[in-house]
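These are the residues of each chain, in order.
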Amino acid sequence: MIIAIIEHDRGTLHNASLEMLTVARALAADRDTSLAALLIGESGREIVKTLGAYGVPVAYLAVDDSLEDYAPRAWAESALAVMDQENVEVVLAAGTDRGHEVLAHVASLADLPLAANCLEVKLDDERCRVTRQRWGGSLLEEAELRGETYLLSIAPHLIPAEETPLDGEVEIREFQPSFSDRAFRVQVTGREQDEKAGISLTDARVVIGGGRGVGGAEGFTALEELADLLDGAVGGSRVATNNGWRPHKDQIGQTGNRIAPDLYIACGISGAIQHMVGCQGAKNILAINTDPQAPIMEKADYVVVGDLHEVVPAIVDEVKQRKR
Amino acid sequence: MLTLTEKILFVSLALISGAWSFVGFQRMTEVIHRGEGEFNFGQLPRKAFEALFKTLSQKTVLNARLGTSLFHALVAWAFLYYFLVNAGDLLEGFLPGFRFLGTGLVGGLYRLGADLLSAAALVGVLYFLLRRFLADAPALQIREGILLHPQARKGMRRDSLIVILFIFLHVGARFLGASFRIAAEGPDPWQPLAGAVAGLWAEAGPGALAVGEHAAFWLALGLILAFLPYFPYSKHLHLMAAPVNFLTRPERRSLGEMRAMELEFNAEKFGPSHLEELEKPLLLDSFACIMCSRCQQVCPAYEAGTILSPAALEINKRYEIKVQMKALAEGEPSRTPLTESVLLEEAVRACTTCAACVEICPVGNEPLQDILEMRRYLTLTEVSMPTDQSNTLRSIERRGNPWGFSPADRTRWTEDLDQPVPVMAEKKSADVLFWVGCSGSYDPRNQKITQSITRLLQRAGVDFAILGQEESCNGDPARRMGEEFSFQMAVEANAEILASYEFETVITGCPHCFNVFKNEYADFGVDLKVLHHSQYLAQLVDNGKLKPRKDLNQIITYHDSCYLGRYNEEYDAPREILRGIPGVEVREMPRSRARGLCCGGGGGGVFYDVPHEKDIPEIRLEEAEGVDPDVVASACPFCLTMFEGAERKETADVLTKDIAELLDESM
């Protein structure tokens, strides 16, 4: 059996786990063995359906009141509980901080070999051969593991998550693990909201950016208004954040956020390379600038040559009109 | 002069002092030898001459802070002379009736020298006493918030006081001794100053004068015995460590050349995490450092208000060694990692690698090298770096440019030009290979510079070609950020491409490309004849192939790029180009040429931000504004990017352009 430990936070799935499933499915097929996911905590039930869409036929669900939040050793002990019952060839996790932490605990508790950040896995009866990342990804290492069960984490962001829907329903095998007295030595003791709720720059489908041309913090009011109308987020170029017109966390560019909206409206931004790096993922760029020679005008899909202090309010009016 | 009892006492004390000092000096050398690598003992005669010249002439001290340095020179020259004086006094003390160098002209001149230099040393040391303790000179302070060894602030003051008192008493006693002798034995025209003081003792009897002479001897020479064991723990050691430093420096092709790392595949650790893993010369640096903080004064990162001070780096190294010298000498590991005791990680990343600290250091220290070595550890072993940096590194590795643009877009800049730009893949050979560089290829602003250079080459009829889509990052930013793997992979890839075409000269549109090709590819067997575009264009103007005609009617100040200027000492070519343009008045900023201030973009600085109070490019533009120019000219794409991205609070009007652009405009 191949076990895939699925990372989630109170039912919110970590995408790296879906990428890991691509490897897990291939391994199970290759070894002609079964694939099962391991979900920890009652809230894991919420993602069982998603797992079905990614070709996982069986999900072990560890339930216990104490498993509401992540606790590395408790997760490891839950995995060991399944490993005790089944003949497990490989345990996989996403190559994230938590994935590594859990696998390290399993490795240490059961004295099993672990390879982190794998890209490719080849398994036969004798050994497990992996290609894995080292030195932050600048080096690939060929490694070989020997043991009864192999623990592998899969490097994130490199293997695409592929949907392969099951024919039937996912079979849920619920169990209550018994924990050692050390299982909750490390646990979540509190949660703090990072920022006030709102659409983050990196996720927004519309981003309004302001640069030198905005002229000051008060100039951003119009941009905020437009963003509200379009359910978008507001960011700034380096000039805007360096001058204190926008907080540094709103910077778009080489240093700062890399955005990928459907529409990026760049207002009074010249388009220095530092900035363009941050918005090269935008599907459409609308540039508003008084200088037709500004580099951004060349990169933009739509261009308004004009003063943003007139153009932006005009757009705001127009959007309001149409929304009515 | 000395009695038998005194002689026995002096010899006994000398033995004790010698043995005690020996232990200290031995520990010091053992600590230094814990370091990695070896000292460079090549070309010893030449370097010995250089070390002697630098020490005697005080050249490296006098080239900054002239006033203070002159006082330093007085003390230094006196101290050097005092090697002779002390030897002479010792012999005279032990050999009854002996007169060192005789009573003739030679002896007279010797005594005149001692007389004048004693006074000089006293004046000099008095100045330093007042400077440190009365004026509390700001130049010697290190800003709060910068990591400084807990003992350093007090320790430096105490150490300075001990050294100053030692010199004062040692030289003062010797001077008084000379005056007692004159009072006892009659006037000596060769010692006018001691003679004048001797007038004060005219009334004293021979017994009292003899006692005075003995007391002076003991103070002057006895103090040396007392001070000697303290020497290895004092910054005053610089007077010995600095010449040794000059003598054993690694030969570098540029001020900031980096050592090629042996990247053993199975190594678990790259770069130094602890003191004893630094290179030997870098450990010696800390003993040579006199803590004058000149490096801090010229450091752009310090001026910008980051937490980096190269002075604090050297001082911390020294105090870390000092508090665990015995343990380190005995082979124990140092107690804390460098990033906790010497330089915090954020400070390591704040350096722009401008090498101003190396250029200014009077004792030949290279704080830049410590920083670069520490980066290697952080990047390669800890994989610890700001996200912006790891993005940059990944882009260099995967897409061959620091921003992650598509390799297919590398030649987009050629599309707007009237004439086609020849590409090596088709042409196979050319006189000149124009290495455009990533900035010049992708950055919309710098593409304009590349187009100017291309137009100028075409106008001058140069047989040239570009690599086009075969060009990719040469690895310099990766290397400077500590990613030696990426760098060496880039070298390998580029070496192969470069070897497949025929050309005589490479010209680069970027000082960073220029520097790495000229000085650092050679370690990997790639020998290129490289010129920076300013050098090549200056040649074309010089031999009449380019004739700037159009009057630009502008006042221009030229900003030196660190990698063209300080690293490669090319200060004149860009200025010659500007002076050759009709209607251009070139004005110099206060900090120019070897003392030019960095734009903040080097060493990967253009790719990430560190917490700071004031933008470095803004500081530089304000300085430029001071000479009231129409244009700030530069010859480096990173400088231009930094300037164009500056806040421009006060400097909104000044234009920033590349010299190639200006030359192109005047055609």
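Residues numbered from 1 in each chain as written. Chains lettered and ligands numbered in written order. Predicted model: local features only at pLDDT ≥ 70, side-chain atom pairs only at ≥ 80, totals over all residues.

**Digging into the overall build of chain A**
Okay, step 1: Within chain A, the secondary structure is distributed over 9 helices and 16 strands.
Okay, step 2: Its C-alpha atoms put chain A at 70 × 40 × 40 Å along the principal axes.
Okay, step 3: For chain A, with 324 residues in total, the buried portion stands at 45%. (Helix = DSSP H or I, 4+ residues; strand = E, 2+ residues; numbered from the N terminus. Buried ≥ 20, exposed ≤ 12 C-beta atoms within 10 Å, placed from the backbone.)

**Considering the overall build of chain B**
Okay, step 1: For chain B, the count of helices and strands is 30 helices and 8 strands.
Okay, step 2: C-alpha atoms of chain B, sized along the principal axes, occupy 100 × 60 × 45 Å.
Okay, step 3: Across the 667 residues in chain B, those meeting the buried criterion constitute 48%.
Okay, step 4: A sequence separation of at least 24 residues applies to 82% of the contacts in chain B between residues at least 6 apart. (Contact = placed C-beta atoms within 7 Å.)

**Re the sheet that holds strand β10 (residues 150-154) of chain A**
Residue and element names in this part refer to chain A.
Okay, step 1: Spatially, β9-β8-β7-β10-β6-β1-β4-β5-β11 is the arrangement adopted by the 9 strands of the open sheet, whose pairing is mixed. One side of each edge strand has no neighbouring strand; the edge strands of this open sheet are β9 (139-145) and β11 (171-175). The sheet shows a mean angle of 35 degrees between the axes of neighbouring strands, taken without regard to direction.
Okay, step 2: Relative to β10, strand β6 (residues 90-94) is paired through 5 bridges, and the arrangement is parallel. Of the residues in β10, the one forming a bridge with Leu 92 is Leu 152.
Okay, step 3: Where helix α1 (residues 15-31) meets the sheet, its contacts fall on β1 (2-5), β4 (35-40), β6, β7 (114-123) and β10, and the angle it forms with β6 comes to roughly 160 degrees. (Pairing = 2+ DSSP bridges. Axes fitted to C-alpha atoms, helices over the stretch in contact; angles between N-to-C directions.)

**Brief notes about the interface of chain A and chain B**
Reports often express the size of an interface as the amount of accessible area lost when the parts come together.
Okay, step 1: Facing the 18 residues of chain A at the interface are 24 residues of chain B.
Okay, step 2: Sorting the residues of the side of chain A that touches chain B by element identifies α6 (238-242), α7 (273-279) and α8 (295-299) of chain A as the ones contributing at least two each.
Okay, step 3: Of the residues that constitute the side of chain A that touches chain B, the class distribution is 7 nonpolar, 9 polar and 2 charged. (Nonpolar A, V, L, I, M, F, W, Y, C, P; charged D, E, K, R; others polar.)

**A word on helix α9 (residues 308-323) of chain A**
All names here are of chain A.
Okay, step 1: Compared with the 22 Å implied by 1.5 Å per residue over 16 residues, the 22 Å span of α9 between its first and last C-alpha is a close match.
Okay, step 2: Within the span of α9, buried status applies to Leu 308, Val 311, Val 312 and Ile 315. The buried residues of α9 all sit within an arc of 95 degrees when viewed along its axis, so they share a single face. Turned more than 90 degrees away from the buried face of α9, the exposed residues are Glu 310, Ala 314, Asp 317, Lys 320 and Gln 321.
Okay, step 3: Each element contacted by the buried residues of α9 is listed here: α5 (220-229), β14 (263-267), β15 (284-289) and β16 (302-305). (Expected span 1.5 Å × (residues − 1). Arc of directions from axis to C-beta.)

**Some points on the packing of α5 of chain A against α9 of chain A**
Residue and element names in this part refer to chain A.
Okay, step 1: Close contact between α5 and α9 brings their axes to 9 Å; oriented N to C, the two are set at 25 degrees. Looking at the two axes, α5 sits roughly parallel to α9. Crossing hand, α5 versus α9: left-handed. Counting all contacts with α5, which are made through Ala 222, Leu 223, Glu 225, Leu 226 and Leu 229, the residues of α9 involved are Val 312, Pro 313, Ile 315, Val 316, Val 319 and Lys 320.
Okay, step 2: Within the contact of α5 with α9, the residues separate by chemical class into 9 nonpolar, no polar and 2 charged. (Parallel < 35°, antiparallel > 145°, perpendicular 65-115°, else oblique. Left-handed = near helix turned anticlockwise from the far one by under 90°.)

**Topic: the sheet that holds strand β4 (residues 530-532) of chain B**
All names here are of chain B.
Okay, step 1: Taking strand neighbours across the sheet as the criterion, the 4 strands line up as β2-β1-β3-β4 in an open arrangement whose pairing is parallel. With partners counted over all chains shown, the strands left at the sheet margins are β2 (464-466) and β4, one partner each. If you compare each strand with its neighbour and ignore which way they point, the axes differ by 30 degrees on average.
Okay, step 2: Packed on one face of the sheet, helix α25 (residues 511-520) meets β1 (432-435), β3 (505-508) and β4 and runs near 160 degrees to β4.

**Points about the pairing of β15 of chain A**
Residues and elements named next belong to chain A.
Okay, step 1: Bridge count between β14 and β15: 5 bridges; the pairing is parallel. Within β15, the residue paired with Ala 266 across the bridge is Ala 287.
Okay, step 2: Considered for its hand, the β-α-β crossover made up of β14, α7 and β15 is right-handed.
Okay, step 3: Across 4 bridges, β15 lies against β16 in parallel orientation. (Right-handed = clockwise from strand over helix to strand, strands pointing away.)

**A closer look at the packing of helix α3 (residues 72-85) of chain A against helix α4 (residues 97-110) of chain A**
Residues and elements named next belong to chain A.
Okay, step 1: Where α3 contacts α4, the axes come no closer than 8 Å and their chain directions differ by 60 degrees. Looking at the two axes, α3 sits oblique to α4. Seen from above, α3 lies across α4 with right-handed handedness. For the pair α3 and α4, the contacting residues are Pro 72, Arg 73, Trp 75, Ala 76, Ala 79 and Leu 80 in the first and Glu 101, Val 102, His 105, Val 106, Leu 109 and Ala 110 in the second.

**Some words on unusual backbone geometry**
Residue and element names in this part refer to chain B.
Okay, step 1: Within the chain, Gln 58 stands out as a residue other than glycine whose phi angle is a positive 60 degrees.
Okay, step 2: By secondary structure assignment, the location of Gln 58 is in the loop between α2 (44-57) and α3 (59-62).
Okay, step 3: Of note, Arg 65 is a non-glycine position whose phi angle comes to about 45 degrees, a positive value.
Okay, step 4: The topology assignment puts Arg 65 in the loop between α3 and α4 (66-94).
Okay, step 5: Residue class for Arg 65 comes out partly exposed when judged on the 18 C-beta atoms lying within 10 Å of it.

**Re the nonpolar core**
Okay, step 1: Grouped together as the largest cluster of nonpolar side chains are 184 residues, with contacts concentrated most on Ala 266 and Cys 267 of chain A together with Cys 357 of chain B.
Okay, step 2: Among the elements that line this core, the one with the most residues is helix α18 (residues 367-382) of chain B, at 7 residues.
Okay, step 3: Core analysis: the second largest hydrophobic core is formed by 58 residues, Leu 67, Trp 75, Val 106 and Cys 118 of chain A among them. (Core = buried A, V, L, I, M, F, W, Y, C linked by C-beta atoms within 7 Å.)

**Here's the deal with the environment of Lys 545 of chain B**
Residue and element names in this part refer to chain B.
Okay, step 1: Mapped onto the secondary structure, Lys 545 falls in the loop between α26 (533-542) and β5 (554-558).
Okay, step 2: According to the C-beta neighbour criterion, Lys 545 is partly exposed, with 15 such atoms within 10 Å.
Okay, step 3: The spatial distance from the C-alpha of Lys 545 to the C-alpha of Gly 461 is 8.0 Å, given a sequence separation of 84 residues.

**Considering the pairing of strand β7 (residues 631-634) of chain B**
All names here are of chain B.
Okay, step 1: Here β7 shows a buried face lined by Val 631 and Ala 633 and a second buried face lined by Val 632 and Ser 634.
Okay, step 2: Where β5 and β7 come together, 3 bridges link them in parallel fashion. Residue Ile 556 lies in a different strand from β7, and its bridge partner there is Val 631.
Okay, step 3: Pairing between β7 and strand β8 (residues 655-658): 4 bridges, direction parallel. Directly across from Ala 633, in β8, lies its bridge partner Lys 657.

**Digging into helix α27 (residues 572-580) of chain B**
Okay, step 1: Looking at α27 of chain B, one finds that the buried residues are Ala 573, Pro 574, Arg 575, Ile 577 and Leu 578 of chain B.
Okay, step 2: Considering only its buried residues, α27 of chain B is in contact with α26, β5, β6 (584-587), β7 and α30 (659-665) of chain B.

**Quick word on the confidence of the model for chain B**
Detail in the predicted coordinates should be disregarded across regions flagged by low pLDDT.
Okay, step 1: Scored by pLDDT, chain B has a mean of 95; 100% of the residues are at 70 or more.
Okay, step 2: As a predicted assembly, this complex carries a pTM of 0.84 together with an ipTM value of 0.71. (pLDDT = per-residue confidence, 0-100.)

**Let's talk about the environment of Ser 234 of chain B**
Residue and element names in this part refer to chain B.
Okay, step 1: Looking at the secondary structure, you find Ser 234 in the loop between α8 (206-227) and α9 (238-248).
Okay, step 2: Sequence separation between Ser 234 and Ile 290 is 56 residues; the distance between their C-alpha atoms is 9.1 Å.
Okay, step 3: Contact partners of Ser 234, with chain neighbours within four places excluded, come to Asp 159, Ile 162 and Val 163.

**Digging into the environment of Gly 207 of chain B**
Okay, step 1: Relative to the helices and strands, Gly 207 of chain B is located in helix α8.
Okay, step 2: For the pair Gly 207 of chain B and Ala 184 of chain B, spaced 23 residues apart in sequence, the C-alpha to C-alpha distance is 9.3 Å.

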